[in-house]
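# Per-entry structural report
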Amino acid sequence: MKLSELFLPIVKDIPTDAKIKSHQLMIRSGMIRQSAAGIYSWLPLGFRVLKKIEQIVREEQDFAGAQEMLMPTIQSADLWKESGRYDGYGLEMLRIKDRQDRELLYGPTNEELITQIFRDNVKSYKSLPLILYHIQWKFRDEIRPRFGIMRCREFLMKDSYSFDLTKEESNHSYNKMFYAYLRTFERLELKALPMVADTGPIGGDLSHEFIILAETGESQIYTNKKLLDLKISDFKNDKESLKSMVDTYASFYSATDEKFDQVEFDKKVKKEDQLITRGIEVGHIFHFGDKYSKPMNAMVNSSTGTNTTVQMGSYGIGVSRLVGAIIEANYNNNVMKWPKSVTPFQVAIINLGKKNDEICKKKADKLYHLLNEKKIEVLLDDTDESPASKFKNFDLIGIPYQVIIGSKQAENEYEFKEITSDKINLSLDELVKKIENLYLN
Ligand code: 5CA
């Protein structure tokens with residue numbers, strides 16, 4: 001892609017209503033635009049990142065054995081009356097009437113709808129275990145939408161739902177999702193801490209939030225520094241190891257303010273290991289047994305022929321919120337550096353040559369075509385802006401690797417730079433190898 005052709009409405013000044021750095025960056029770099037309070041359009045740069053995050057989330061769900069499907073954004077109110085949540089959900093639910101006066105709603109989550117699909121189509125224990133998921137827009141009429149896409153009203157969520165015959169199997173599904181979440185956040189280069197959490201309007205007896213450490217986060221967290229040292233590569237992907245993994249995480253005291261207990265904290269965590277900070281909730285998983293399956297009659301025939309109510313859990317990831325969380329974790333001193341796995345473009349070619357400098361243009365075009373052929377996603381700056389303004393723009397766009405082309409270089413010499421480090425000089429061959437090593441291996 002050439003920068004002169006990219007729809008990238010960059011804003012020079014920091015927007016006054018954007019209080020945290022991710023919101024500021026997303027507006028300034030033309031990733032999003034607000035269309036109404038807490039409702040945003042995703043412009044090309046932001047959309048590229050969103051799609052890449054979505055794809056990583058999808059791959060890890062598939063790896064865990066979950067099956068993708070797609071449910072609609074609009075649901076019938078009747079289902080929510082059946083589960084008993086219609087009245088209780090309150091003003092956060094956007095309620096709509098169609099022309100026949102039928103009550104509909106814009107889905108804030110999908111426990112009811114998936115339970116209906118399950119009960120109408122699954123009759124035997126032989127179809128279990130089953131985990132279904134979709135990645136779909138949700139609407140919650142938040143009382144105070146803020147921080148851009150971090151707490152907004154319309155947002156993209158991945159939500160999975162597990163169905164099992166017994167409590168033990170259902171716990172295993174929970175553990176599989178726990179593991180899938182840690183793998184997902186690792187690929188996004190985020191350190192996400194699982195914390196025991198309240199179940200709120202979703203309900204249930206077991207729940208973990210996954211929290212990214214960030215000063216601007218909405219949740220106050222109390223945890224053990226040693227939890228940060230746990231690595232998922234320490235655990236294997238089989239039933240027993242997954243159980244011991246969740247037990248190991250649970251053995252460290254870690255809680256958000258809703259669950260915080262000072263006496264327990266002091267008893268379980270040595271003073272020097274106590275970590276009190278703030279964080280962003282990027283995922284939330286719930287085990288709720290028969291909370292929905294019972295009132296909605298989701299049952300299967302067991303091996304002994306008796307009708308058994310299924311055990312369920314639900315598992316959410318804030319896909320659009322993750323864009324903000326990744327920015328909070330990687331935007332420092334006015335320079336953004338995207339993780340390789342989700343960067344909107346993989347390499348920037350910044351041509352500093354003057355408009356009529358044919359040598360620079362040839363060099364830039366040659367490299368651009370070479371990398372395009374290798375399916376590397378390149379953004380070539382072919383504009384006439386000043387070098388200072390080009391670098392400022394690329395600090396906002398945040399492509400982690402830059403190739404700089406200028407008139408003072410030798411013919412087969414290119415400057416290569418990781419955005420936050422010093423530059424090195426490479427020949428064309430060396431440069432292409434370097435980029436291939438970064439992305440294609
Ligand atoms: N049904 C369950 C699990 S599928 C559920 O809805 N869980 S949730 O309410 O915790 O939401 C899941 C994730 O969506 C959260 O962890 C958060 O990352 C994201 N999320 C929730 N509300 C918002 C919001 N207003 N704006 C942006 N992301 C949000």
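Residues numbered from 1 in each chain as written. Predicted model: local features only at pLDDT ≥ 70, side-chain atom pairs only at ≥ 80, totals over all residues. Heavy atoms only, no water.

### Section: unusual backbone geometry
In most cases, non-glycine residues show a negative phi, while peptide bonds are predominantly trans. Which entries qualify depends on this criterion: Runs of E in the DSSP output that reach at least two residues are strands. Runs of H or I that reach at least four are helices, and both are numbered from the N terminus. Only protein chains enter the accessibility calculation, which uses a 1.4 Å probe; a residue whose area is less than 20% of its type maximum is buried, one above 50% is exposed, and one in between is partly exposed.
In this model, L128 is joined to P129 through a cis peptide bond whose omega is 0°. With respect to the secondary-structure elements, P129 resides in the loop between α4 (111-121) and β7 (130-139). The phi angle at N333 is positive, at roughly 45°, despite the residue not being glycine. As for its position among the elements, N333 is in the loop between β17 (331-332) and β18 (335-336). We note that K375 has phi near 65°; this positive angle belongs to a residue other than glycine. Along the chain, K375 turns up in the loop between α9 (358-373) and β20 (378-381). K375 gets classed as exposed once you look at its relative accessible area, which sits at 69%.

### As for the site of the ligand
As a reminder, the rule being used: In these notes, residues near a molecule or strand are those with any non-hydrogen atom within 4 Å of it. Throughout this description, a polar contact denotes any pair of N or O atoms lying within 3.5 Å of each other; where both atoms belong to protein, one of them has to be capable of donating a hydrogen while the other can accept it, and for residues adjacent in sequence the pair is counted only when both atoms sit in side chains. Only Asp, Glu, Lys and Arg are considered charged in this grouping, and only Ala, Val, Leu, Ile, Met, Phe, Trp, Tyr, Cys and Pro are considered nonpolar; every other residue, Gly among them, is considered polar.
Residues in contact with the ligand amount to 22 residues; listed here are only the nearest, T109, E111, R140, C152 and E281. Note that an oxygen atom of the ligand is positioned 2.8 Å from one of the side-chain N or O atoms of R140. Taking H284, its side chain carries an N or O atom lying 3.3 Å from an oxygen atom of the ligand. Among the elements of the structure, β8 (154-164), β13 (274-289) and β16 (311-318) are those that each provide at least two residues to the shell around the ligand. A breakdown of the residues in the shell around the ligand according to their chemical character gives nine nonpolar, six polar and seven charged.

### Considerations on the packing of helix α1 (residues 21-28) against helix α8 (residues 319-330)
Helix-helix packing is characterised by the crossing angle of the two axes and by the distance between the axes. Using the following cut-off: Axis definition: a line fit to C-alpha positions, over the contact stretch in the case of helices; interaxial angles, taken between N-to-C directions, run 0 to 180 degrees. Here the word oblique covers every angle except those under 35 degrees (roughly parallel), over 145 (roughly antiparallel) and from 65 to 115 (roughly perpendicular). Contacts are assigned to residue pairs that have any heavy atoms within 4.5 Å of one another.
As a packed pair, α1 and α8 sit with axes 8 Å apart at the nearest point and diverge in direction by 105°. Viewed along their axes, α1 and α8 adopt a mutual orientation that is roughly perpendicular. Of the residues in α8, those touching α1 at K21, S22, L25 and M26 are V323, G324, I327 and E328. For the contact of α1 with α8, the per-class residue count stands at four nonpolar, two polar and two charged.

### Details of the pairing of β16
Worth spelling out the cut-off: Only when DSSP finds a minimum of two bridges between them are two strands counted as paired.
Most of β16 is tucked away: eight of the eight residues are buried. Relative to β16, β8 runs antiparallel, the two sharing eight bridges. Pairing of D164 across the sheet is with Q311, part of β16.

### Side note on the packing of aromatic side chains
Basically, it comes down to this: Two rings belonging to Phe, Tyr or Trp (six-membered ring only in the last case) form a pair when the distance between their centres is within 6.5 Å. Interplanar angles under 30 degrees mark stacking, angles over 60 mark edge-to-face geometry, and anything in between is tilted. To sit over a ring, a charge needs its Lys NZ or Arg CZ within 6 Å of the ring centre and within 35 degrees of the ring normal.
In the structure shown here, the tally under the stated rule is 17 aromatic pairs. Seen in terms of ring centroids, F118 and F163 are 4.2 Å apart; in terms of plane orientation they differ by 5°. Their pairing is stacked. With F118 in helix α4 and F163 in strand β8, this residue pair connects regions lying 45 residues apart in the sequence. F163 matches F118 in its accessibility class, with the two residues each being buried. Taking the centre distance of 5.3 Å and the plane angle of 70° together, the rings of F178 and F210 count as edge-to-face. Residue F178 is located in helix α5 (residues 167-187), and its partner F210 is located in strand β10 (residues 206-213); the two are separated by 32 residues in the primary sequence. Residue classification places F178 among the buried residues on the basis of a relative accessible area of 0%. Three or more aromatic residues joined by ring pairs make a cluster, and in this case those are F178, Y181, F185, F210, F235 and Y249. For the cation-ring pair, R183 lies above F63, with the distance from its terminal atom to the ring centre recorded as 3.9 Å. Here the basic side chain of K363 rests over the ring of Y414, its NZ or CZ set 4.8 Å away from the ring centre.

### What about helix α2 (residues 44-63)?
Quick reminder of the rule: Each helix should span, by expectation, one fewer than its residue count multiplied by 1.5 Å.
With 20 residues, α2 ought to run about 28 Å at 1.5 Å a step, and its terminal C-alpha atoms sit 28 Å apart, in line with that. Listing the buried residues of α2 in full gives L45, G46, V49, L50, K52, I53, E54, I56, V57, R58, E60 and Q61. G65 sits one or two residues past α2 and shows a positive phi near 95°.

### What to know about helix α10 (residues 387-397)
What counts is decided by this rule: Directions are taken from the helix axis to each C-beta atom, and the arc is the one they span.
All buried positions along α10 are accounted for by S389, K390, N393, F394, L396 and I397. The arc enclosing the buried residues of α10, seen along the axis, measures out at 155°, which places them on a common side. Facing away from the buried surface of α10 by more than 90 degrees, the exposed residues are A388 and K392. Downstream of α10 by one or two residues, G398 has phi in the positive range, about 80°.

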